[in-house]
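Okay, here's what each chain looks like letter by letter:
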Amino acid sequence: MRTQRKFLTWMMTFFLLASVIPTVALAAEDDADDDALIYSIDSGRIAIIVNEDGSYTVSQNKKTDEYSSNIPIILSGIGSYGLEELENEQYLYAITVSSSQENNSVPLSLVLDSMTLHGIIKIQNTNVNITLQGTNEISPAEGVDASLYITDDSCVTINGTGSLKCVGSGKDSAWNGFAGITVSNANESNTKLTINGGTIEAEGASSYGAGIGAKWWESCGSIIINGGTVIAKAGGAYAAGIGGSDDTSGDYAYVEINGGTVTATGGKYAAAIGAGIQTKESHVKITGGTIIATAGTEKRTQGYRYSYAIGVGTEVSELSLSSVTIDGGTLITSSEMLSDCSNAKNSNGEILGQIKISGLTASHEINKLCVDDISYGLKDVLLNQFGELYVWLPVSQSSIVEIVSDNSNYTYAGPISDGMKLNCESDDKLLHSFVPMEFSKENVGSSGEEYKGSIVKWGSEITFDANGGSFETDATGPITVEEGKAISTVSENYALPTPAKPDSAFAGWNTAADGTGTFVTTSTV
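What you see is a predicted model; the values in this text were computed from it and never measured.

Things to note about the overall build of the chain
A count of helices and strands for the chain gives one helix and 43 strands. Each of the 525 residues in the chain was classed as buried or not, and the buried ones make up 50%. Of all intrachain contacts in the chain linking residues separated by at least 6 positions in sequence, the fraction that spans at least 24 positions is 67%. Summed over its atoms, the accessible surface of the chain is roughly 24,000 Å², and 48% of this surface lies on carbon and sulfur atoms.

So, the pattern of salt bridges
Applying the stated rule across the entire model yields three salt bridges. Between lysine 356 and glutamate 388 there is a salt bridge whose closest N-O contact spans 3.2 Å. Pair noted here: lysine 356 is in strand 31 (residues 352-358) and glutamate 388 is in the loop between strand 33 (374-375) and strand 34 (389-394), with a separation of 32 residues, a long-range link. Judged by relative accessible area, which is 12%, glutamate 388 ranks as buried. A salt bridge links lysine 368 to glutamate 402; the shortest N-O distance between them is 3.6 Å. Residue lysine 368 is found in strand 32 (residues 366-371), and its partner glutamate 402 is found in strand 35 (residues 396-405); the two are separated by 34 residues along the sequence. On the basis of relative accessibility, which here comes to 28%, the residue glutamate 402 falls in the partly exposed class.

Thoughts on the environment of alanine 272
Inspection of the secondary structure assignment puts alanine 272 in the loop between strand 25 (261-265) and strand 26 (273-274). Considering only alpha carbons, one finds alanine 272 and glycine 211, 61 residues apart in sequence, at a separation of 9.6 Å. Residues in contact with alanine 272, not counting those within four places in the same chain, are Ala240, Gly241, Ile242, Ala264, Thr265, Gly266, Ala293, Thr294, Ala295, Tyr308 and Ala309.

Remarks on the sheet that holds strand 17 (residues 181-183)
Overall, mixed pairing links the eleven strands, which are arranged 5-4-3-9-11-14-17-20-23-26-28 in an open sheet. Every interior strand has two partners, whereas the edge strands, strand 5 (63-67) and strand 28 (310-311), have only one. Looking at chain direction, strand 4 (residues 56-60) and strand 5 are connected through five bridges and run antiparallel. Within the sheet, the bridge partner assigned to serine 59 lies in strand 5 and is threonine 64.

Points about the pairing of strand 21 (residues 222-225)
Of the two faces of strand 21, the one carrying Ser222 and Ile224 and the one carrying Ile223 and Ile225 are both buried. Pairing of strand 18 (residues 192-195) with strand 21 involves four bridges; the strand directions are parallel. Bridge pairing links threonine 194 to isoleucine 224 in strand 21. Direction of pairing for strand 21 relative to strand 24 (residues 252-257): parallel, over a ladder of four bridges. Note that in strand 24 the partner of isoleucine 224 across the bridge is glutamate 256.

Notes on the pairing of strand 11 (residues 121-124)
The two faces of a sheet get side chains in turn, since along a regular strand they alternate between them. With four bridges connecting them, strand 9 (residues 95-99) and strand 11 associate as parallel partners. In the sheet register, valine 97 faces strand 11, and the bridge partner there is isoleucine 123. Sheet topology note: the strand 11/strand 14 (residues 148-151) ladder contains four bridges and is parallel. Residue pairing for strand 14: isoleucine 121 is matched across the bridge by leucine 148.

A few points about the side chain of asparagine 346
By secondary structure assignment, the location of asparagine 346 is in the loop between strand 30 (344-345) and strand 31. With relative accessibility at 10%, the residue asparagine 346 sits in the buried group. Within the structure, asparagine 346 has its side chain in polar contact with the side chain of glutamate 350 (distance 2.7 Å).

Some thoughts on the packing of aromatic side chains
Per the stated rule, a full pass over the model turns up three aromatic pairs. Where tyrosine 149 meets phenylalanine 178, the ring centres are 5.1 Å apart and the plane angle is 90 degrees; that geometry is what we call edge-to-face. With tyrosine 149 in strand 14 and phenylalanine 178 in the loop between strand 16 (163-167) and strand 17, this residue pair connects regions lying 29 residues apart in the sequence. Among the residues examined, tyrosine 149 registers a relative accessible area of 10% and is labelled buried. Between tyrosine 238 and tyrosine 269 the ring centres are 5.5 Å apart and the planes differ by 35 degrees, which places this aromatic pair in the tilted class. Here tyrosine 269 lies in the loop between strand 25 and strand 26 and tyrosine 238 lies in the loop between strand 22 (229-233) and strand 23 (242-243), a separation of 31 residues in the sequence. With a relative accessible area of 15%, tyrosine 238 lands in the buried category.

Details of unusual backbone geometry
Phi at asparagine 125 is positive, roughly 55 degrees, even though this residue is not glycine. Tracing the chain through its elements places asparagine 125 in the loop between strand 11 and strand 12 (127-133).

Examining the sheet that holds strand 31
If you walk across this open sheet you meet the three strands as 34-31-37, and the pairing is mixed. The open sheet is flanked by strand 34 and strand 37 (421-423), the only strands paired with a single partner. Here the average twist between neighbouring strands, direction ignored, is 35 degrees.

Topic: the confidence of the model for the chain
Looking at the chain, the pLDDT average stands at 76 and 70% of residues meet or exceed 70. Confidence over residues 1-33 falls short of pLDDT 50; this stretch has 19 contacts with residues more than four positions distant or in other chains. Scored below 50 in pLDDT, residues 426-451 shows 83 contacts in the model against residues more than four places distant or in partner chains.

Definitions and cut-offs
- Residues numbered from 1 in each chain as written.
- Predicted model: local features only at pLDDT ≥ 70, side-chain atom pairs only at ≥ 80, totals over all residues.
- Heavy atoms only, no water.
- Helix = DSSP H or I, 4+ residues; strand = E, 2+ residues; numbered from the N terminus.
- Buried < 20%, exposed > 50% of the residue type's maximum accessible area, 1.4 Å probe, protein only.
- Contact = heavy atoms within 4.5 Å.
- Areas by Shrake-Rupley, 256 points an atom, 1.4 Å probe, with all protein chains shown as cover.
- Salt bridge = Lys/Arg side-chain N within 4 Å of Asp/Glu carboxyl O.
- Pairing = 2+ DSSP bridges.
- Polar contact = N/O pair within 3.5 Å; in protein donor to acceptor, adjacent residues only side chain to side chain.
- Phe/Tyr/Trp six-rings, centres within 6.5 Å; stacked < 30°, edge-to-face > 60°.
- Axes fitted to C-alpha atoms, helices over the stretch in contact; angles between N-to-C directions.
- pLDDT = per-residue confidence, 0-100.

Set out below in C-alpha cells:
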C-alpha cells in the first residue's frame with residue numbers, strides 16, 4: 001500500500017510539472033540536440049520579441065517565457081483573431097514578431113507546421129527564417145486586412161518543402177488593399193523577402209493589392225526568388241502580380257528571380273512582374289527559373305499604353321527610371337504590348353530579343369546555353385511539354401549560339417532578332433535556323449518602294465520566303481548546300497530566284513524579313 005501511494009504521489013507531481021513547462025519537441029529524430037518549442041495558435045495570440053544575440057521572449061495568454069538560445073519555434077493549429085480591444089487598445093495582430101533593438105543579427109527560426117490562421121502575422125524590424133512544413137494558410141479575419149505583413153527593415157527568408165497560401169484583403173474600403181504577402185518599404189525602410197523553397201500561393205486584395213509586394217499607397221520592398229514554386233496574382237486592378245501597387249506614393253519595386261517556377265498575373269493596368277499602374281521606379285532582374293508572366297490587358301485612358309508583362313505599368317511615363325535585366329531563365333510572357341519586356345537588356349547593357357528554341361526533347365535537361373561564349377542562366381529552367389524554351393538573347397547581326405542537352409549538341413551561327421525561332425531537330429549539325437518576323441506594314445511595297453525577301457535555313461537546307469511577293473517559276477523549292485560551301489556550289493551557274501511584287505522593286509535576299517539581318521548572295525557560305 002505504501003509503495004502504491006508513493007507511485008501515485010510521483011505521478012501527480014509529474015502531471016503538475018508537465019502542465020507548467022512549455023511544450024518542447026524534437027525538431028528531428030536524427031538530431032536530438034536540436035529541440036524546438038511548439039506553440040498552438042488556437043491557445044491565443046502570440047507576441048515574439050527577439051534580441052540582438054538571438055535570445056527571445058514569447059508571450060501568449062499573459063504568460064511570457066524567456067529563452068536564452070535561438071531554438072526554433074513551431075507554430076501549428078487553427079486560430080482566428082480579428083480586431084479586438086484589449087486594455088483600451090485595438091489589437092490587430094494574431095502573431096507579432098519584432099526586435100527589441102534596431103534589428104537582430106541572429107535570425108529567429110520560425111516553423112509553420114500545418115497551420116491555419118485567420119488573422120495577421122506581422123513581422124516588424126526583425127530577421128526571420130521561416131521553414132514550411134505541411135500545408136499552411138493565412139487569410140484575413142473580421143476587421144483586419146492583411147495576412148503575412150513584412151515591414152520596417154525586416155529580412156524574411158522562406159525555406160522548406162511545405163506550402164503556404166496567403167490572401168490579402170481591404171478593411172472597410174478597397175483603398176486599403178493589402179497584398180497576399182505584403183513586403184512594405186514604408187517609412188523609407190529596406191524590407192526584403194527571399195524565397196528559397198516551398199510552394200507559395202499569394203493573392204492580393206480585391207483592388208490595389210499585389211500578389212506579393214506592395215499594399216496600396218506604399219512602396220514595395222525587395223523580393224528575391226531563388227527556388228520553390230511561386231504563384232502570385234494581383235487581387236484586382238492597379239497592382240502587379242509580384243511588385244508594386246497603385247498611387248504615386250508607391251514609387252519603388254525591386255524583384256529578382258534566380259530560380260524556381262514562377263507564375264505571376266498582374267491586375268488591370270499593371271505588369272505581371274515589376275510595376276503597378278503608377279509605380280515610378282521598378283527594377284526586375286532575372287538570371288534563371290521558369291517564368292510565366294501575364295500582364296493586365298487594358299489601358300487606363302486614351303493616350304496611355306498597355307502594361308508590359310515584365311516591367312512597367314500603363315501610367316509610368318518615365319521609362320528610364322525602370323529596368324529589366326535578363327541573364328537567364330525561360331520566360332513565357334503575355335501582354336498587349338509589342339514587346340513583352342520594357343527596355344530589356346542583359347548585364348552588359350545589350351538590347352535583348354525573345355527567342356523561341358524548339359526541337360528539344362521535353363524529358364531532357366538543358367545543361368548549357370551560350371551566346372558568343374557567354375553563359376545564359378539555366379537554373380530551374382524547364383522545357384514545356386513541346387520541348388520549347390523562350391529565352392532572351394542579345395540582338396546581333398552575327399552570333400554563335402551553343403545549346404548542350406543531356407543527349408545532343410546544337411550550334412546556330414547567324415543573326416539574332418526579336419521574335420526569331422531556332423529549331424534544334426538537326427543532329428549535331430551547324431544550324432542556320434531562322435524564321436523571319438511577320439511582314440510588317442512598314443515593309444509593304446508602294447509604288448517604286450523596295451522590299452526584301454528573306455531566307456530560312458534548316459541545317460544545310462535553304463528555303464526561300466518571298467515575304468509577300470511571288471515567284472514566276474516553281475523552281476524555288478529548298479536547296480541543299482554542303483556545309484562550309486558557298487551557295488553558288490549548288491549547281492553550275494546557279495542564281496538565286498527573284499520574286500516579284502506589284503509596284504515594288506526587289507532589293508535582295510536577307511536573313512531577316514525587315515532587312516535588318518545579313519544580306520545573302522550566291523557567294524554566301
